[in-house]
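Structural features, examined
Below are the chains, spelled out letter by letter.
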Amino acid sequence: DPSGEPGGILVRASDGYAPGIAGTERINATILALVRNEELEGMLQSMQDLERTWNHKFNYPWTFFNDVPFSEEFKRKTRAATKAETRYELIPKEHWDTPSWISDDLYKESVKILEENEIQYADKISYHKMCRWNSGLFYKHPALEHVRYYWRVEPNVHFFCDIDYDVFRYMQDNNKTYGFTITLYDAPKSIPTLWPETAKFIAQHPEYLHPNNAMAWLTDAQRRPVHNEQANGYSTCHFWSNFEIGDMDFWRSQTYEDYFNHLDRAGGFFYERWGDAPVHSIALGLFEDRSKIHWFRDIGYQHIPFFNCPNSDKCKGCITGRFTDGEAWLNKEDCRPNWFKYVGMG
Ligand code: GDP
Ligand code: MN
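The shown structure was predicted, so the numbers you read here are calculated from the model rather than taken from an experiment.

1. A few points about the packing of helix α5 (residues 125–136) against helix α12 (residues 276–287)
Taken N-terminus to C-terminus, the directions of α5 and α12 make an angle of 25°; their axes are 8 Å apart at the nearest point. One finds that α5 runs roughly parallel with respect to α12. Our pair here, α5 against α12, has a crossing hand that is right-handed. Residues Met130, Cys131, Asn134 and Ser135 of α5 form the contact with α12, whose participating residues are Asp276, Val279 and His280. Its residues placed into classes, the contact of α5 with α12 shows three nonpolar, three polar and one charged.

Rendered as structure tokens:
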């Protein structure tokens, strides 16, 4: 369905993929969530949906991360929301603290400019830290040292469709690196120097570019419906990373390590508001084989205000093909057609 309309196709049992039915052995994977104690109710909502539609059949562990210790109430209630194992992990200070080379004065100056450009959360230092941690640090947590695949889940998201196969096994058996549900355009003013820094990095390391990369997708220059501008060469189309199913071996590669360190030193996680979504997307688009990136069209998903809602009788609670329940212009933020144009169905 190259039109990119998820409603256009009837999604049958996982596109014909059968292995990994309930009861078979789990592979090396975890569901993971970075979450605050105050978001307990929202986390329970997300857990109920994912347990009901998928995980009660497979019982993958839940690993929760926080920059402060989890409360007893958080632990008790999340433990009660699954029969799978739950793990509660504190983020090491050195992974969360603002790095030493970031100047407080320059950060404060930068916030003013970001705010003039109406960039949300610019003045919330914790938001910047969160984006940096999700970009280049989560997979370095000791609790994940021996874990390979992850499914990232946020509080307050919804899952609508019964999924009867083991998605982690799907990733492994099909040699996939990354799975997504939604792609969006980003606010160019949140990442003005992300692509220029990336270009510098590629110039230093041309050997890191994958021969079957998605450069054409990243640099697509068609007139954008809403912001109508690129971010200095980057289309801003990105995998919306509040949903991610991924292979951490990619993030742990020397290539990505070097790329993240380059970006981290450049300072844009603080002086701009680089999100983990564009950072992950650019890295995948440049350094990975694009055929290893998979659209999970069959996983019905919502993070306010966007949906991935397939046409299937396995889905309940979302409207087939609907992309947003917000204002109409938000439909134009969907850039999946772009992905299908350059890469195909993945
Ligand atoms: P948005 O989706 O971009 O609006 O950002 P969110 O507020 O949903 O944050 C993204 C994810 O990071 C969510 O899972 C939050 O629970 C989590 N998060 C954000 N900031 C913090 C923080 O300071 N501490 C912790 N523990 N989690 C955070
Ligand atoms: Mn969120």
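2. Regarding the environment of Cys237
Relative to the helices and strands, Cys237 is located in the loop between α8 (215–218) and β8 (238–239). Look at Cys237 and you get buried, because its relative accessible area is 0%. Along the chain, Cys237 and Leu209 lie 28 residues apart, while their C-alpha atoms are 19 Å from each other. Every residue in contact with Cys237, bar those within four places of it in the chain, is listed here: Thr183, Leu184, Tyr185, Trp217, Ser281, Cys335 and Asn338.

3. A closer look at the pairing of strand β4 (residues 149–152)
Covered by surrounding structure in β4 are Tyr149 and Trp151 together with Tyr150 and Arg152, the residues of both alternating faces. Strand direction decides the pairing type here: strand β1 (residues 29–34) and β4, joined by four bridges, are parallel. Within β4, the residue paired with Ile31 across the bridge is Trp151. One ladder, built from four bridges, connects β4 with strand β9 (residues 244–247); its direction is antiparallel. Following the sheet pairing, Arg152 is matched in β9 by Glu244.

4. As for the sheet that holds strand β12 (residues 306–308)
Pairing within the open sheet is antiparallel, and its three strands lie in the order β5-β11-β12. Whereas interior strands pair on both sides, the edge strands pair on one side only; in this sheet they are β5 (158–159) and β12. Here strand β11 (residues 301–303) pairs with β12 via three bridges, running antiparallel. Residue pairing across strands places His303 opposite Phe306, the latter belonging to β12.

5. Details of the pairing of strand β3 (residues 86–90)
Summarising the sheet, strand β2 (residues 62–66) and β3 pair through five bridges and their orientation is parallel. Of the residues in β3, the one forming a bridge with Trp62 is Thr86. Tracing the backbone out of β2, into helix α2 (residues 72–79) and back to the parallel element β3 gives a crossover that is right-handed.

6. Here's the deal with the nonpolar core
In terms of nonpolar packing, the biggest core is built from 55 residues, with Phe138, Trp251, Tyr256, Tyr259 and Trp339 touching the most fellow members. A total of six residues in this core trace back to one element, the largest contributor, which is α12. Once you skip the residues sitting within four places of it in the chain, Trp339 turns out to touch Phe180, Ala214, Trp217, Phe239, Arg290, Ile293 and Gly344. Judged by nonpolar contacts, the second largest core, of 40 residues, contains Leu40, Phe70, Phe74 and Met171.

7. Examining the coordination of the manganese ion (ligand 2)
For the manganese ion (ligand 2), the full set of protein donor atoms is Glu154 (OE) and His303 (NE2), and the range of their distances to it is 2.0 to 2.2 Å. One end of the pair, Glu154, is in the loop between β4 and β5; the other, His303, is in strand β11, and 149 residues separate them in sequence.

8. Considering unusual backbone geometry
Negative phi characterises most residues that are not glycine, and trans characterises most peptide bonds. Put simply, Ile304 and Pro305 share a cis peptide bond, and its omega is 5°. Here Asn59, not a glycine, exhibits a phi torsion of approximately 60°, which is positive. Residue placement: Asn59 occurs in the loop between α1 (40–53) and β2. The phi torsion at Asn232 lies on the positive side, around 50°, for a residue other than glycine. Among the secondary structure elements, Asn232 is positioned in the loop between α8 and β8. Asn232 sits in the exposed class, given a relative accessible area of 52%.

9. Concerning the state of the cysteines
Throughout the structure, instances matching the rule amount to three disulfides. The disulfide bridge from Cys309 ends at Cys318, spanning 2.1 Å between sulfur atoms. An S-S torsion of about 80° defines the bridge between Cys309 and Cys318 as right-handed. Numbered by order of appearance in the sequence, the disulfide-linked cysteines of the protein chain pair as 1-4, 2-6, 3-5.

10. Section: the site of ligand 1
With respect to spatial proximity, 14 residues lie near ligand 1, and among them Leu34, Glu39, Asp67, Tyr121 and Tyr127 are the closest. With respect to ligand 1, the side chain of Tyr121 contributes an N or O atom lying 2.7 Å from an oxygen atom. Tyr127 places a polar side-chain atom, nitrogen or oxygen, 2.4 Å from an oxygen atom of ligand 1. A total of three residues in the shell around ligand 1 trace back to one element, the largest contributor, which is α5.

Cut-offs and rules
Residues numbered from 1 in each chain as written. Chains lettered and ligands numbered in written order. Predicted model: local features only at pLDDT ≥ 70, side-chain atom pairs only at ≥ 80, totals over all residues. Heavy atoms only, no water. Axes fitted to C-alpha atoms, helices over the stretch in contact; angles between N-to-C directions. Helix = DSSP H or I, 4+ residues; strand = E, 2+ residues; numbered from the N terminus. Parallel < 35°, antiparallel > 145°, perpendicular 65-115°, else oblique. Left-handed = near helix turned anticlockwise from the far one by under 90°. Contact = heavy atoms within 4.5 Å. Nonpolar A, V, L, I, M, F, W, Y, C, P; charged D, E, K, R; others polar. Buried < 20%, exposed > 50% of the residue type's maximum accessible area, 1.4 Å probe, protein only. Pairing = 2+ DSSP bridges. Right-handed = clockwise from strand over helix to strand, strands pointing away. Core = buried A, V, L, I, M, F, W, Y, C linked by side-chain atoms within 4.5 Å. Donors = N, O, S within 2.8 Å, 3.2 Å for Na, K, Ca; no water. Disulfide = S-S within 2.5 Å. Near = heavy atom within 4 Å. Polar contact = N/O pair within 3.5 Å; in protein donor to acceptor, adjacent residues only side chain to side chain.

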